[in-house]
Amino acid sequence: MIEKGVGFIIATRIGTPHLMGIEVVEGDRVSPFPAGLKNISASGKTEKGPYSRQNLTAVSNGEPAVFLETFPK
């Protein structure tokens, strides 16, 4: 996955519910991951403190990498 990444908290504007996720624009890729990989957890820190998300899906494994929430069906 990606270690020491730098990125942004993102949200979709369409769909109900709106989806939250992260966009990683730089970092050390320590292992490859395919787009579509599910059940990813991410953690980091923001200016306001710790931040974490679970149940993410890799939407894009390129530059930037994008991970969005998925909900159990």
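Before any of the text, the structure's been laid out above.
How each quantity is defined
Residues numbered from 1 in each chain as written. Predicted model: local features only at pLDDT ≥ 70, side-chain atom pairs only at ≥ 80, totals over all residues. Heavy atoms only, no water. Helix = DSSP H or I, 4+ residues; strand = E, 2+ residues; numbered from the N terminus. Buried < 20%, exposed > 50% of the residue type's maximum accessible area, 1.4 Å probe, protein only. Polar contact = N/O pair within 3.5 Å; in protein donor to acceptor, adjacent residues only side chain to side chain. Contact = heavy atoms within 4.5 Å. Salt bridge = Lys/Arg side-chain N within 4 Å of Asp/Glu carboxyl O.

## A word on the side chain of Glu69
Consideration 1: Residue position: Glu69 is located in strand β5 (residues 65-69).
Consideration 2: On the accessibility criterion, Glu69 (15% relative accessible area) is buried.
Consideration 3: Of the polar contacts made by the side chain of Glu69, one reaches the side chain of Arg53; its length is 3.4 Å.
Consideration 4: In contact with Glu69, not counting residues within four places along its chain, are Leu19, Met20, Arg53, Gln54, Asn55 and Leu56.

## A look at unusual backbone geometry
Consideration 1: The linkage connecting Glu63 with the following residue, Pro64, adopts the cis geometry, with an omega of 5 degrees.
Consideration 2: Relative to the elements of secondary structure, Pro64 occurs in the loop between β4 (49-60) and β5.
Consideration 3: Positive phi values are uncommon outside glycine, yet Lys4 reaches one of about 55 degrees.
Consideration 4: Note that Lys4 resides in strand β1 (residues 2-11).
Consideration 5: Residue classification places Lys4 among the exposed residues on the basis of a relative accessible area of 72%.
Consideration 6: Unlike most non-glycine residues, Asn39 shows phi in positive territory, near 60 degrees.
Consideration 7: Summarising the element assignment, Asn39 is placed in the loop between β2 (20-29) and β3 (40-46).

## Section: the pattern of salt bridges
Consideration 1: Here the structure, examined in full by the defined rule, presents two salt bridges.
Consideration 2: A salt bridge links Glu63 to Arg29; the nearest nitrogen and oxygen atoms lie 3.2 Å apart. You can see Glu63 sitting in the loop between β4 and β5 and its partner Arg29 sitting in strand β2, a full 34 residues away along the chain.
Consideration 3: Judged by its relative accessible area of 60%, Glu63 is exposed.
Consideration 4: Take Arg29: its relative accessible area is 37%, and that puts it in the partly exposed class.

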